[in-house]
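Here's the letter readout for the chains.
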Amino acid sequence: MPETIVINGRSIDRGEKVLTKLVISKLPSGTVIEIPVYVFRSVHDGPVVLLMAGMHGDEVNGTEIIRRMLSKKMLYPLKGTIIAVPILNIYGFLNFSREVPDGKDVNRSFPGNREGSLASRVAYRFMKEVMPYVDYGLDFHTGGSSRSNYPQIRCVLSNNKNEELAKAFAAPFILNAPYRQGSLRKEAGKLGKSILVYETGESLRFDEKGIKLGMEGTCRVLHYLGMTPNCAEVTEPTVVCMKDIWLRAKNAGLWRTFIQPGDYVKKGQNIGSITDPYGEMEVRMNAPAAGYVVGLNNMPVVNQGDALLHIAF
């Protein structure tokens, strides 16, 4: 752990607790857009852990996880440093949007470019100011619009440290998830840093179970790293899944399902149907593989090819 951390030109020494704000850009109105960054430092040597949410502005569950932990003063480490970023994509948060105003995804824009698109500039500033200090991190996400994810950790399990941290978090599901081009996870991996993604619920909607499990899992990771004195017990067994598959709509129409996120389904099991709005057509949808439902599309009106069901096994 470094003696001094410098973020946004502010020197933060051991034992300090600081809120600093990264100035990213301005709105067309001239309003300054700032990203709040909380830094909690112990006087004792230890790892630097990043807790980050709001990479996609409409994914509010992670923001609420960090907010509650800040409110309950749960981020004061016995050793090491905790860096908490409740909302990275302020633009999307203000506009109930996944992307920034130029339509680009921040999590496909890493490592970023100082002279690039707005999303690329957000990614660049974060990589320059915060990531050099980070050893491990939890990046909180949710499913997309009307698409609900059951609480799960995603990481590359061939990395031993990822596997250790994922098991310490002890979400109901751990998914082996390859790196995606332009993602924070991939760029952090190149630097030898372990970033795990926690997914729960859907965008623009609180998932109380997922928020609770997210807080408990975060505490278990911090405890595993020796940064907190105690942690919550695991109340739901963890299932490790090495593969996953999506079921997509064969026809456009009205989607109905008979299962819920977290359910186990057998291969070929009838899990729902798609009908036309007039009662003239009905297509049965069967599970393409045996496994656990870790994601479900809740939108009743679907188009051909839409993702309906995410199964992990």
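The present account deals with the structure reproduced in this document. (Residues numbered from 1 in each chain as written. Predicted model: local features only at pLDDT ≥ 70, side-chain atom pairs only at ≥ 80, totals over all residues. Heavy atoms only, no water.)

### Concerning the pattern of salt bridges
For the structure on display, the rule yields 17 salt bridges. Residue glutamate 164 pairs with lysine 161 through a salt bridge whose shortest N-O separation is 3.1 Å. You can see glutamate 164 and its partner lysine 161 sitting in helix α4 (residues 160-169), three residues apart, about one turn around the helix. Judged by its relative accessible area of 34%, glutamate 164 is partly exposed. Classification of lysine 161 by relative accessible area gives partly exposed; the value is 26%. When salt bridges that share partners are traced, they join Glu64, Arg67, Arg68 and Glu208 into one network. (Salt bridge = Lys/Arg side-chain N within 4 Å of Asp/Glu carboxyl O. Helix = DSSP H or I, 4+ residues; strand = E, 2+ residues; numbered from the N terminus. Buried < 20%, exposed > 50% of the residue type's maximum accessible area, 1.4 Å probe, protein only.)

### Considering the sheet that holds strand β16 (residues 282-286)
Spatial strand order, β16-β15-β13-β18: four strands in an open sheet with antiparallel pairing. On the outer flanks of this sheet lie β16 and β18 (301-302), each paired with one strand and no other. Inspection of the sheet shows strand β15 (residues 270-275) paired to β16 by five bridges, in the antiparallel sense. The residue bridging threonine 275 from the neighbouring strand is glutamate 282, located in β16. (Pairing = 2+ DSSP bridges.)

### Digging into the environment of lysine 250
Mapping lysine 250 onto the fold places it in the loop between β12 (244-248) and β13 (253-257). For lysine 250, a relative accessible area of 52% gives the class exposed. Linking lysine 250 and valine 197, residues 53 residues apart in sequence, is a C-alpha distance of 30 Å. Residues contacting lysine 250, with those up to four places away along its chain left out, are Ile274, Met285 and Gln304. (Contact = heavy atoms within 4.5 Å.)

Geometry only, nothing functional implied.
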